[in-house]
Amino acid sequence: MSGIRKQSIYSSILVYVGVGIGAVNTYFFVKNGSFSPQEYALTRLFFDIGQNFYILASLGAIPVLYKFYPYYKDNLHDKQNDLLTRSLIVAFIGFILVAIAGYIFEPLVVRKFSERSALLVDHYHWIFVFAFGLLFFSVLEGYTWALQKTIVSNFLRETGLRMITFVFIILFYFNYIDFHQFMLLFSTLYIVLTLCLLFYLIGKGKFIITFKTSRVTKKFRKKMLGMQSLIFGGICVQTIGQTIASLIIASLKGMTQTAVFSLALYAANLVQIPQRSIQSIATGVLVRAWKNKNYVEISRIYQRSCINMLLLSVFIFGNIWLNARDGFDVLNIQDDYAAGLQVILVIGILRIIDAGTGVNATVIAASNFWKFEFFTGVILLLLLIPLTYVLVKEMGIIGSAYSELIAFTIYNAIRFEFIRRKFHMQPFNLKTVYALLLGAVAFFLTYFLFNNLHGWIAIILRSILFSTIIIAGTFALRLTPDAHQLYDIGKQRIKRK
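Residues numbered from 1 in each chain as written. Predicted model: local features only at pLDDT ≥ 70, side-chain atom pairs only at ≥ 80, totals over all residues. Heavy atoms only, no water.

Before we go on, may I ask you to explain the packing of aromatic side chains in this structure?
Any pair of aromatic rings gets described here by the distance separating the centres and the angle formed by the planes. The final tally for this structure, using the stated rule, is 37 aromatic pairs. Plain terms: the ring middles of phenylalanine 29 and tyrosine 40 are 5.3 Å apart, the flat faces sit at 40 degrees to each other, and that makes the pair tilted. Of the two residues, phenylalanine 29 is situated in helix α1 (residues 2-30) and tyrosine 40 in helix α2 (residues 37-58); the sequence distance between them amounts to eleven residues. Residue classification places tyrosine 40 among the buried positions, given a relative accessible area of 1%. With 6.4 Å between their ring centres and 80 degrees between their planes, phenylalanine 47 and tyrosine 190 make a pair best called edge-to-face. Of the two residues, phenylalanine 47 is situated in helix α2 and tyrosine 190 in helix α10 (residues 189-203); the sequence distance between them amounts to 143 residues. Across the pair, exposure class does not vary: phenylalanine 47 and tyrosine 190 are buried alike. (Phe/Tyr/Trp six-rings, centres within 6.5 Å; stacked < 30°, edge-to-face > 60°. Helix = DSSP H or I, 4+ residues; strand = E, 2+ residues; numbered from the N terminus. Buried < 20%, exposed > 50% of the residue type's maximum accessible area, 1.4 Å probe, protein only.)

Help me understand the pattern of salt bridges in this model?
A side chain with one charge may pair with a side chain of the opposite charge, provided their charged atoms come close. Counted under the stated rule, the structure contains seven salt bridges. A salt bridge links glutamate 404 to arginine 351; the shortest N-O distance between them is 4.0 Å. Of this pair, glutamate 404 sits in helix α18 (residues 397-423) while arginine 351 sits in helix α15 (residues 341-356), placing them 53 residues apart in sequence. By relative accessible area, arginine 351 is classed as buried at 9%. The partner of glutamate 417 in a salt bridge is arginine 421, and the shortest N-O contact between them spans 2.7 Å. (Salt bridge = Lys/Arg side-chain N within 4 Å of Asp/Glu carboxyl O.)

Here's what the structure looks like:
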């Protein structure tokens, strides 16, 4: 766990720098006198649609890359390793197919979105540029996960992306470029990141391209293709499930409501940042642990990830929800966005549930039972699409939040039960209950003490009190050994200085 913890510390520092920059970016997107809600919504739809395009174009190659990398590493010299080359070729072929499909189905997009979301139709072709960069960045990112060199890729995705976006925003805000030019630059974001990651891998001597088929590829080809086809279906299902809400809202309710939902989702999704870092770092470790049949290590990572991610999610979301309403006022956010406050609450609760189940998806995907991910993804999609459509139509954007809460809770419950029955691993114990009770006590005590106080002073006091209670309680109740180990490491380093 120490390797995961060390990389997690460095990655988290870099990621939270990115969070700060991202918060500034979001502020410029939604403050009065800046981007309109429709313009902000378009940037979010670029991410959602671009993610679907990239997943379709990847053809399932990325999980196969980090799943089988240990076999290539252990049996081949680096110059004979053709796994990266194979993944890049598959991705290129996949992108060509997606581009052709996008051209064929363009009239359908125009028909569904032109009435309520015309701005999306106007910039439709540039989404393919965005997806192209995202696709090849993700292939190289998956390769760095396999190499267990996640810090640079995490920095680029979480921090570098936002730094470049900030530059584009400033150019627009001070009228150096118009919105159309802004979106053209915005579409190249991941192309820039791909080039940065490529130069990093070349500099480390890890970017190996060979067109000679290795003996490992020959040996595992059928197994890789079988895994790739099923994982491809599973990832497509999962990605559509995660992005379908904004597309349904844009189609049924228009771009302004999409913007409101997107801002609320952004605020709630801040809870997931530690989760993403831990998952990316744990992937390579879990793959090797499954290969070596090290079940004790797998169980330990699973248990530790659950309690750590639960505590972090409670800590982050508690601070967000306690200060959300005052934050909208003091930051001069456009009035339209206040309608999303209840969405923040519902999605935030969902993110705590999701974080509290730890790296369950990675545990399953790295095992020999990775096919199960596909079947649970199908269940998720079958629940989510009709629920989202019906509830959005009847209730507006809050309906989408409720549909996600219902569908993803069932989805996580199924995965939890599968791991418990199949591997005899379950991560919860009395400390899980203590963590939830600690969060509840900290929240309600802070809320009632400062309920009648508003503005910056209220935000600062609430944050200090809530954070202090959570941190002190974590140490006092000894909820996670990682907290004390990090404290001891920090104390030793201070003494050395």
